[in-house]
Amino acid sequence: MIPNNKASLLLIYTGGTIGMKEDHANGTLKPFDFKQIIDEVPELAKFAYKIDSLSFDPIIDSSDVEPQTWIKLAQVIEKSYEDYDGFVILHGTDTMAYSASALSFMLEDLGKPVIFTGSQLPIGRPRTDGRENLVSAVEIAAAKDKDGKAMVPEVCIFFDSVLLRGNRTTKISSDNFKAFRSPNLPPLAEAGITIRYNKTLILPVPEETRVKARTKLDTSVSILKIHPGITPQTVSDILLGSNTKAVIIETYGSGNAPAKKWFLDIVRQAREMGKIILNITQCPSGSVNMDLYANGKSLSDCGVVSGHDMTTESALAKLFHILGEYPDQARAMLEEPLRGEFSK
Ligand code: ASP
């Protein structure tokens, strides 16, 4: 890695704890003006980078994120792509894994870093994790290899010293500084005294490096979490709902669900209606393998597609994207990793 002192970066602030302060009236956290964040992190000025910033208006708690937020982010990046070497997105942690997954699919032919980060403690607090997260995210967004290409031409999350592929990441803690992990893929980089990149895992810079923002998203997707005691009414409400084109079934272990006749009949009926059914395991780590147990096999016999070791966040974002942009190829595109979102 060579330092890229001339790098120019765009810092996009969407909201989240990193930029919040206490409302003394009722003790809750509320967003504050973005300029104050920059003032709180004088370390940024020590890099020789040119850092421009842009703040969403209004800034939001990430629990309010909608597909419209992703469209806005994708369009900002596409529009300013040629002007910057990398992008850092400050975002609340609650839905950061969804947003990073969505952007990874929406930004086609991405050849530059798009690094999401945030914090568990507001940046003004003495023990904040926000300052270190932001400074490292900025350094990674600026990093180039010896050929002058971006070190990490991917959508990632940097948090608590690790750089994770965005569409492999999930939020695991509401109060620990280690708030994210990517259980089925090692970190793409680790920040110690230096930032160590795991080059064998990082996706290559695409041949076509002019990014395209694919902003058509079809949200007719539902999630069904299997649990003991689930009723035929719940399963049919979700699987047969008229507004649903695809359903993610969160199954047990390696992709198992009840093999009861009523359950498989509803799955078959949904398939006959042309719906896509994607199997994602409830286990935080490991993969779906529907050939392992009879209960899994009966799902694949009904035409359920394996989600391999994808996260639910990534599966949802991928379905929104492919149903929106490539409806005729959706099923085939599910079987292939588009942005390194599952192991094959
Ligand atoms: N509720 C906040 C948000 O996601 C939490 C955070 O930023 O960590 O916007």
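Just above, that's the structure.
So, a few notes on the structure that sits alongside this text. (Residues numbered from 1 in each chain as written. Predicted model: local features only at pLDDT ≥ 70, side-chain atom pairs only at ≥ 80, totals over all residues. Heavy atoms only, no water.)

1. Focus on the overall build of the chain
Test applied: Secondary structure elements are taken from DSSP: a helix is a run of H or I of four residues or more, a strand is a run of E of two residues or more, and numbering for both begins at the N terminus. Note that the radius of gyration is over C-alpha atoms, with the globule rule given as 2.2 Å times the number of residues to the power 0.38. Using a 1.4 Å probe on the protein chains alone, a residue whose accessible area is under 20% of its type maximum counts as buried, one over 50% counts as exposed, and one in between counts as partly exposed. It only takes one pair of heavy atoms within 4.5 Å for two residues to be counted as in contact. His is not counted here, nor are the chain ends, while Lys and Arg score as positive and Asp and Glu score as negative. Where a charge sits is defined by one atom per residue type, namely NZ (Lys), CZ (Arg), CG (Asp) or CD (Glu).
Broken down by element type, the chain carries nine helices and 18 strands. The globule rule puts the C-alpha radius of gyration for 344 residues at 20 Å, and the 21 Å found for the chain is close to it. Expressed as a percentage of its 344 residues, the buried residues of the chain come to 56%. A separation threshold of at least 6 residues defines the contact pool for the chain, and within that pool the share at least 24 residues apart is 74%. Taken as two groups, the 38 positive and 43 negative side-chain charges of the chain have centres that lie 2 Å from each other.

2. As for the packing of helix H2 (residues 67–80) against helix H3 (residues 96–106)
We count it as follows: A fitted line through C-alpha atoms represents every axis, and for helices the fit uses only the stretch in contact; the resulting angles, taken between N-to-C directions, go from 0 to 180 degrees. Throughout, the term roughly parallel applies to angles under 35 degrees, roughly antiparallel to angles over 145, roughly perpendicular to angles from 65 to 115, and oblique to all others. Each helix crossing is assigned a hand: it is left-handed if the near helix lies turned anticlockwise from the far helix by less than a right angle, otherwise right-handed if that turn is clockwise. Asp, Glu, Lys and Arg are counted as charged, while Ala, Val, Leu, Ile, Met, Phe, Trp, Tyr, Cys and Pro are counted as nonpolar; the rest, among them Gly, fall into the polar class.
Viewed as axis vectors pointing N to C, H2 and H3 meet at an angle of 50°, and their least axial separation amounts to 10 Å. Comparing their axes, H3 and H2 come out oblique. For the crossing formed where H2 meets H3, the hand is right-handed. Residue-level contacts link Trp70, Ile71, Leu73, Ala74 and Ile77 of H2 to Tyr98, Ser99, Ala102, Leu103 and Met106 of H3. Tallied by class, residues from the contact of H2 with H3 come to nine nonpolar, one polar and no charged.

3. Considerations on the packing of aromatic side chains
Our working definition: Aromatic rings from Phe, Tyr and Trp, with only the six-membered ring used for Trp, were paired whenever their centres fell within 6.5 Å, and each pair was classed as stacked if the ring planes differed by under 30 degrees, edge-to-face if by over 60, and tilted otherwise. To sit over a ring, a charge needs its Lys NZ or Arg CZ within 6 Å of the ring centre and within 35 degrees of the ring normal.
The tally for this structure, following the rule as stated, stands at six aromatic pairs. Ring geometry for Phe47 and Tyr49: centres 4.6 Å apart, planes at 10°, overall stacked. Side by side, Phe47 and Tyr49 carry an identical accessibility label, which is buried. Summarising the aromatic geometry, the rings of Phe159 and Phe180 are spaced 5.1 Å apart at their centres and angled 70° between planes, so their arrangement reads as edge-to-face. Here Phe159, found in strand S8 (residues 155–159), pairs with Phe180, found in strand S11 (residues 180–181); they are 21 residues apart in sequence, far enough to count as distant. Taken together, Tyr81, Tyr84 and Phe87 form an aromatic cluster joined through their ring pairs. Lys72 extends its terminal NZ or CZ atom over the ring of Phe56, reaching a point 4.0 Å from the ring centre.

4. Comments concerning the sheet that holds S8
In plain terms, the rule: Strands qualify as paired when DSSP identifies two bridges or more between them.
One open sheet holds the eight strands; their spatial order is S4-S1-S5-S7-S8-S9-S12-S13, and the pairing between them is mixed. The open sheet has two free edges, formed respectively by strand S4 (50–55) and strand S13 (195–197), since each of these has just one partner strand. Strand-to-strand twist in this sheet, taken as the mean axis angle between neighbours without regard to direction, amounts to 25°. Examined bridge by bridge, strand S1 (residues 8–13) and S4 share six bridges and lie parallel to one another. Paired with Ile12 across the bridge in S4 is Leu54. Most of the contacts of H2 go to S1, to which it runs at about 160°, and overall it touches S1, S4, strand S5 (86–90) and strand S7 (114–117). Across the sheet, helix H4 (residues 130–142) touches S1, S4, S5, S7, S8, strand S9 (162–165), strand S12 (189–191) and S13, and the angle it forms with S5 is around 160°.

5. A word on the site of the ligand
How we decide: In these notes, residues near a molecule or strand are those with any non-hydrogen atom within 4 Å of it. Within 3.5 Å is the distance limit for a polar contact, defined as a pair of N or O atoms, with the added protein rule that one can donate a hydrogen and the other accept it, and that residues adjacent in sequence qualify only through two side-chain atoms. Under the convention used here, a 1.4 Å probe and the Shrake-Rupley method define accessible areas, while residue burial counts only the protein chains that appear.
Residues in close proximity to the ligand include Gly16, Thr17, Asp61, Ser62, Gly92, Thr93, Asp94 and Ser119, which together make up its full environment. Between Asp61 and the ligand, the recorded distance is 3.0 Å, taken from a side-chain N or O atom to a nitrogen atom. Within the complex, the protein chains bury 89% of what would otherwise be the 270 Å² of accessible surface of the ligand. When its residues are assigned to classes, the shell around the ligand shows no nonpolar, six polar and two charged.

6. Here's the deal with the side chain of Ser104
Looking at the element boundaries, Ser104 is found in helix H3. Among the residues examined, Ser104 registers a relative accessible area of 6% and is labelled buried. Beyond its immediate stretch of four places on either side in the chain, Ser104 contacts Val155, Asn167 and Arg339.

7. Some points on H4
Keep this limit in mind: The span you would expect from a helix comes to 1.5 Å times its residue count less one.
A rise of 1.5 Å per residue sets the reference length of H4, with its 13 residues, at 18 Å; its end C-alpha atoms lie 18 Å apart and thus fit the reference within 8%. Here H4 lies mainly inside the structure; 10 of its 13 residues are buried. Listed as buried for H4 are Gly130, Asn133, Leu134, Val135, Ser136, Ala137, Val138, Ile140, Ala141 and Ala142.

8. Considerations on the sheet that holds strand S18 (residues 305–306)
Within the open sheet, the four strands sit side by side as S15-S16-S17-S18. Their pairing is parallel. Unpaired on one side and paired on the other, strand S15 (221–225) and S18 mark the two borders of the sheet. Two strands pair when backbone bridges link them, and strand S16 (residues 246–251) and strand S17 (residues 276–281) are joined in this way by six bridges, in the parallel orientation. Residue Ile248 lies in a different strand from S17, and its bridge partner there is Leu278.

9. Section: unusual backbone geometry
Pro58 follows Asp57 through a cis peptide bond whose omega is 5°. Checked against the element boundaries, Pro58 lands in the loop between S4 and H2. At Asp160, a residue that is not glycine, the phi angle is positive and equals roughly 50°. With respect to the helices, strands and loops of the structure, Asp160 is situated in the loop between S8 and S9. Look at Asp160 and you get partly exposed, because its relative accessible area is 32%. With phi around 50°, His308 is a residue other than glycine that occupies positive phi space. Here His308 lies in the loop between S18 and helix H8 (312–325).

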